[in-house]
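Structure assessment
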Amino acid sequence: MDLTLGHEVGYSIPQEDCTGPDTLLRFCWDRLLLQEVASTRGTGAWGVLVLDEAQERSVASDLLQGLLRNASLGNLPGDSRVVVVTDPALEPKLQAFWGNPPIVRVPRGPGACPTPVYRDTVPTDRVEAACQAVTELCTKETPGDVLVYLPSEEEILLCCESLSREVGPLALRGPPPRVLPLHPGHGPAVQAAYEDIDLGARKVVVTHWLADFSFSLPSIRHVIDSGLELRSVYNPQIRAESQVLRPISKCQAEARRLRARGVLPGKSLCPSEIKHEKSPHTNSEKSTVAFCPKSFLPSGSCLCLYPKSFLELEAPPLPSPRVCEENLSPLVLLLKRRQIAEPGECHFLDRPAPEALMQALEDLDYLAALDDDGNLSDLGVILSEFPLPPELAKALLASCEFDCVDEMLTLAAMLTAAPGFTQPPHCAEEAALRRALEHTDGDHSSLIQVYEAFIQSGADKAWCQARGLNWAALCQARKLRGELLELMQRIELPLSQPAFGSEQNRRNLQKALVSGYFLKVARDTDGTGNYLLLTHKHVAQLSPYCCYRSRRAPARPPPWVLYHNFSISKDNCLSIVSEIQPQMLVELAPPYFLSNLPPSESRDLLNQLREEMADSSIESESPSTQEFGDACVLQ
């Protein structure tokens, strides 16, 4: 087709919009489309919307369907059509949700599907078993690229490193295989999986659940499946994420097997016949599309690193809906922006737990995003404009009051796209280079220092590699920072000049962070780094990559810290941590938040401190107290 990318056909992804006024067909990330639909009345400026891979059950996909169903039931103007593409296993639920719409069934083409080969037992070392299977394929020189599924990004990197060492010395007739990781943390570099740099080299793509449905290469003929996924599941009662290792669904297992259906380059399916029929039970119209055969590669292979009974007995039919497993504060903020008074009024394919919705409303109330009637406050309307978690957006808005916008813009971008070091240093030299980037005030200031050094290096990739930093993630952070700055200018928020490193800026940055993250504060209870979280009675330790952990003994851990994330795992870590003063928390957190804290020694200390500060302010208004008090406008 004689079309120009960015004109008749375009795409919209985070930090990049390649569309124009003449664009007729646009490919769009579901979260971006959700923000557009939540900001407009009706269904938006399009005639036909195709929601692909609905069986993935992302929050954005599920909520989009809920909002669009409400719009269609409200008889809003326009003749918009919605096409939902999904796995047959989800068909009954979608049919009931949308009110028995017409169904078009597209059968799988004539490509040969491999018969899965199951292991008798689950291997004790998944990475080693996957590497061994890849090596055997390479040794036999069986044609076709390989797709390896492992649960976590850590295992993906370990597998890639191991394979790069093992397949290089093999005596192969052609060039050595190209080992390529495929996961979100790899950034734009994942594009290498689609490129044919060396036409004679086999690709070995190592990935996880990301490639279950939305990734496919015609040259893939061999799949090695671990049968597991590592997902973050949010617990609203303790405001924390747990890393859950669990079996994939039967739907995912089948999708992984189908990745090994090889199609010759340049070949495709062509429709040859369409049959229509009406269901006698639902009276809905069903169509079946038949395809004429094209040229396919012979059947490949699918090695499952688990017994068949494991899949039959432990795997659920479909993936778990993410709306039941994520923090719902951003979702509730969008629903309020759409002027849905109560989240319960929105239609969900699977309704979230009531306590999850209540916790989200409570958090938004603490952040002053809701008024006394439960609607969005003026501050909440501004918060909903930012593509950030509500607490981070609140900290960014507070920086306007505390005159540290430049630094908070950098920090917001880094926290979203490039949260520092995630792997241990490979050598002493790399460890020394990392320590040079650490800031005495903690991880948040260290992130700002990393970003500024990255920019001063000219965004040099070798500079990042020498320090164990993700170059692609830092490039994403630079794009996101520019996007946030443009948004703040568009809604006419005040900006400030850079002042990073000064004492006043240091205190202002801490105030801005506490204004948004007062829900995420912990206290060292015994002086050894055992931190009790204020909002519940869980005990956690600092992450191994925290700058306080890398300081030489006898450095004492800070008594009070603010953290970005708490994950329940084998060591219950607080990640991205900075020291704060409890006086600042008493001044900037809403009083009713402190009153609602569960009973603990920490709460008693804060209440005692609040009484002392109140008595002191009655006797004489000290400059430091006045300084804090003037900053509470955003509360």
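Look a little higher up for the structure.
Right, let's walk through the structure included here. Here the structure is a predicted model, which is why all the values come from computation and not from measurement.

Let us look at the packing of helix α8 (residues 329-337) against helix α9 (residues 354-366). For the pair α8 and α9, interaxial distance at closest approach is 9 Å and the crossing angle is 75°. If you check the angle between α8 and α9, you find them roughly perpendicular. In this structure, α8 contributes S329, V332, L333 and K336 to the contact, and α9 contributes L357, A360, L361, D363 and L364. Its residues assigned to classes, the contact of α8 with α9 shows six nonpolar, one polar and two charged.

Moving on, we come to the sheet that holds strand β3 (residues 25-28). Spatially, the three strands line up as an open sheet ordered β2-β1-β3, and their pairing is mixed. Whereas interior strands pair on both sides, the edge strands pair on one side only; in this sheet they are β2 (16-18) and β3. With direction set aside, neighbouring strand axes in the sheet form an average angle of 15°. Relative to β3, strand β1 (residues 9-13) runs parallel, the two sharing four bridges. Counted as the bridge partner of V9 is L25 from β3. Helix α1 (residues 30-38) contacts β1 and β3 of the sheet and is inclined by roughly 110° relative to β3.

On to a nonpolar patch on the surface. Taken together, the side chains of V48, V50, V83 and V85 present a nonpolar region at the surface, about 310 Å² in accessible area. Considering the arrangement of structural elements, one finds V83 in strand β5 (residues 81-84). V83 gets classed as partly exposed once you look at its relative accessible area, which sits at 38%.

Let us look at helix α13 (residues 428-435). Listing the buried residues of α13 in full gives E430, A431 and R434. Burial along α13 is one-sided: seen end-on, the buried residues are contained in an arc of 100°. Across from the buried face of α13, at angles greater than 90 degrees, the exposed residues are A428 and E429. In this structure, the buried side of α13 is in contact with α15 (461-467).

Another aspect to go through is the nonpolar core. In terms of nonpolar packing, the biggest core is built from 100 residues, with L331, F386 and M408 touching the most fellow members. The contact partners of L331, leaving out residues within four places of it in the chain, are V59, L63, V323 and F348.

Another point: the sheet that holds strand β9 (residues 178-182). One open sheet holds the six strands; their spatial order is β7-β16-β11-β8-β10-β9, and the pairing between them is parallel. Looking at which strands have only one partner, the edges of the open sheet turn out to be β7 (116-118) and β9. Across the sheet, the mean angle separating the axes of adjacent strands is 20° when strand polarity is ignored. Sheet topology places strand β8 (residues 145-149) next to strand β11 (residues 220-225); five bridges connect them, and they run parallel. Bridge pairing in β11 places D145 opposite I220. Strands in contact with helix α5 (residues 153-167) are β9 and β10 (203-207); relative to β9, the strand with the most contacts, it is inclined by about 175°.

Bringing the pattern of salt bridges into the picture now. Counting across every chain of the model gives 25 salt bridges. The partner of R231 in a salt bridge is E229, with the nearest N and O atoms 3.6 Å apart. For R231, a relative accessible area of 14% puts it in the buried group. Residue classification places E229 among the buried residues on the basis of a relative accessible area of 5%.

Enumeration over the complete set of coordinates arrives at six aromatic pairs. Centre to centre, the rings of F97 and W98 are 5.8 Å apart; their planes meet at 85°, and the pair counts as edge-to-face. Here F97 falls in the buried class, since its relative accessible area comes to 8%. One aromatic cluster in this structure is built from Y366, F518, Y592 and F593. A cation sits over an aromatic face here: R69 above F97, 5.1 Å from the ring centre. If you follow R231 out to its NZ or CZ, it ends over the ring of W209, 3.9 Å from the centre.

Cut-offs used in this document
- Residues numbered from 1 in each chain as written.
- Predicted model: local features only at pLDDT ≥ 70, side-chain atom pairs only at ≥ 80, totals over all residues.
- Heavy atoms only, no water.
- Axes fitted to C-alpha atoms, helices over the stretch in contact; angles between N-to-C directions.
- Helix = DSSP H or I, 4+ residues; strand = E, 2+ residues; numbered from the N terminus.
- Parallel < 35°, antiparallel > 145°, perpendicular 65-115°, else oblique.
- Contact = heavy atoms within 4.5 Å.
- Nonpolar A, V, L, I, M, F, W, Y, C, P; charged D, E, K, R; others polar.
- Pairing = 2+ DSSP bridges.
- Patch = residues over 30% accessible without salt bridge, like charges linked within 9 Å, V, L, I, M, F, W, Y side chains within 5 Å.
- Areas by Shrake-Rupley, 256 points an atom, 1.4 Å probe, with all protein chains shown as cover.
- Salt bridge = Lys/Arg side-chain N within 4 Å of Asp/Glu carboxyl O.
- Buried < 20%, exposed > 50% of the residue type's maximum accessible area, 1.4 Å probe, protein only.
- Arc of directions from axis to C-beta.
- Core = buried A, V, L, I, M, F, W, Y, C linked by side-chain atoms within 4.5 Å.
- Phe/Tyr/Trp six-rings, centres within 6.5 Å; stacked < 30°, edge-to-face > 60°.
- Lys NZ or Arg CZ within 6 Å of the ring centre and 35° of its normal.

Interpretation note: all reported values are geometric properties and have no functional meaning in isolation.
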